[in-house]
Amino acid sequence: MQYPLGEHEKEHITSKTGKALDDITLDAVITNQIAPDDIKISKDMLLAQGQIAKQAGNDPMKKNFERAAELVDVPDEIILKMYDKLRPNRSTKLELVMMAQELLEKYHATNCARLVMEAVEIYEKRGILL
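1. Examining the overall build of the chain
At step 1: Within the chain, the regular secondary structure consists of seven helices and zero strands.
At step 2: Each helix and strand of the chain, placed in order from N terminus to C terminus, yields the pattern α-α-α-α-α-α-α.
At step 3: Expressed as lengths along the three principal axes of its C-alpha atoms, the size of the chain is roughly 50 × 40 × 25 Å.
At step 4: Counting across all 130 residues of the chain, residues that qualify as buried make up 31%.
At step 5: Looking at the chain alone, contacts between residues at least 24 apart form 50% of all its contacts between residues at least 6 apart.
At step 6: Only carbon and sulfur atoms are counted for the fraction: they give 54% of the accessible area of the chain, which is about 8,700 Å².

2. Some details on the nonpolar core
At step 1: Among the nonpolar cores identified, the biggest contains 19 residues, and Leu71, Val74, Met82, Leu96, Leu103, Val116 and Tyr123 are the most heavily contacted of them.
At step 2: Counting residues per element, the ones that place at least two in this core are helix 5 (76-85), helix 6 (93-107) and helix 7 (110-126).
At step 3: Of the residues forming this core, the biggest block, six residues, is contributed by helix 7.
At step 4: Not counting the four nearest positions on each side in its chain, Tyr123 is found in contact with Leu86, Arg87, Leu96, Ile128 and Leu129.

3. Topic: the side chain of Asp38
At step 1: Following the sequence through the fold, Asp38 ends up in the loop between helix 2 (26-30) and helix 3 (43-55).
At step 2: Lacking a salt bridge, the buried Asp38 has Lys19 as its closest oppositely charged neighbour, with an N-O distance of 4.3 Å.
At step 3: Within the structure, the side chain of Asp38 is placed 2.5 Å from the side chain of Thr17, a separation counted as a polar contact.

4. Some points on unusual backbone geometry
At step 1: Phi at Asn89 takes a positive value of approximately 60 degrees, unusual for a residue other than glycine.
At step 2: Assignment of secondary structure puts Asn89 in the loop between helix 5 and helix 6.
At step 3: Asn89 sits in the partly exposed class, given a relative accessible area of 42%.
At step 4: Unusually for a residue other than glycine, His108 sits at a positive phi of about 55 degrees.
At step 5: Examined against the element boundaries, His108 turns out to sit in the loop between helix 6 and helix 7.
At step 6: Its relative accessible area of 61% is what places His108 among the exposed residues.

5. Notes on the pattern of salt bridges
At step 1: Inspection of the entire model under this criterion finds eight salt bridges.
At step 2: A salt bridge links Lys62 to Glu66; the nearest nitrogen and oxygen atoms lie 2.4 Å apart. Placement of both Lys62 and Glu66 in helix 4 (residues 59-70) is noted, with a separation of four residues, approximately one turn of the helix.
At step 3: Exposure remark for Lys62: the relative accessible area of 15% places this residue in the buried category.
At step 4: Residues Arg87 and Asp84 are paired through a salt bridge, measuring 3.7 Å at the closest nitrogen-oxygen approach.
At step 5: What makes Arg87 partly exposed here is its relative accessible area of 44%.
At step 6: Where salt bridges share partners, they join Asp37, Lys40 and Asp76 into one cluster.

6. Details of helix 3
At step 1: In this model helix 3 runs 18 Å from its N-terminal to its C-terminal C-alpha over 13 residues, within 8% of the 18 Å that 1.5 Å per residue would give.
At step 2: Of all the residues in helix 3, the buried ones are Met45, Leu46, Ala48, Gly50, Ile52 and Ala53.
At step 3: Next to the buried residues of helix 3 lie helix 1 (5-8) and helix 4.
At step 4: Remark: Gly57 follows helix 3 within two positions and exhibits a positive phi of approximately 85 degrees.

About the thresholds
Residues numbered from 1 in each chain as written. Predicted model: local features only at pLDDT ≥ 70, side-chain atom pairs only at ≥ 80, totals over all residues. Heavy atoms only, no water. Helix = DSSP H or I, 4+ residues; strand = E, 2+ residues; numbered from the N terminus. Buried < 20%, exposed > 50% of the residue type's maximum accessible area, 1.4 Å probe, protein only. Contact = heavy atoms within 4.5 Å. Areas by Shrake-Rupley, 256 points an atom, 1.4 Å probe, with all protein chains shown as cover. Core = buried A, V, L, I, M, F, W, Y, C linked by side-chain atoms within 4.5 Å. Lys, Arg positive; Asp, Glu negative; His and termini not counted. Salt bridge = Lys/Arg side-chain N within 4 Å of Asp/Glu carboxyl O. Polar contact = N/O pair within 3.5 Å; in protein donor to acceptor, adjacent residues only side chain to side chain. Expected span 1.5 Å × (residues − 1).

As far as function goes, none of this settles anything; it's purely spatial.
In structure tokens form, the structure reads like this:
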């Protein structure tokens, strides 16, 4: 795939629910043919962007896209709680370990769970856990 995807790969872009980019229009929104999940990005598109980042020599960005792809199926309210819990002095070590476990076991978000566990180690060293 070639970046920017919206210019060069428009026919391959789909939403989380499989809607084609061309199907997501203002008229479709007004006539209730588009639901909120229809405008969310799909795992495939995030992974494709990760491959583009890798080809450009940006492996850290590729890993970010891979983690984002893992979060596509995680409910928004869980993601918001995660962000809050990951702020310094907001959680105990146990709470963060449990969050990583939930990411791994319930959502199969291996890379995200690993990132949370790395945060636990760093937060513990810096003394920014409750």
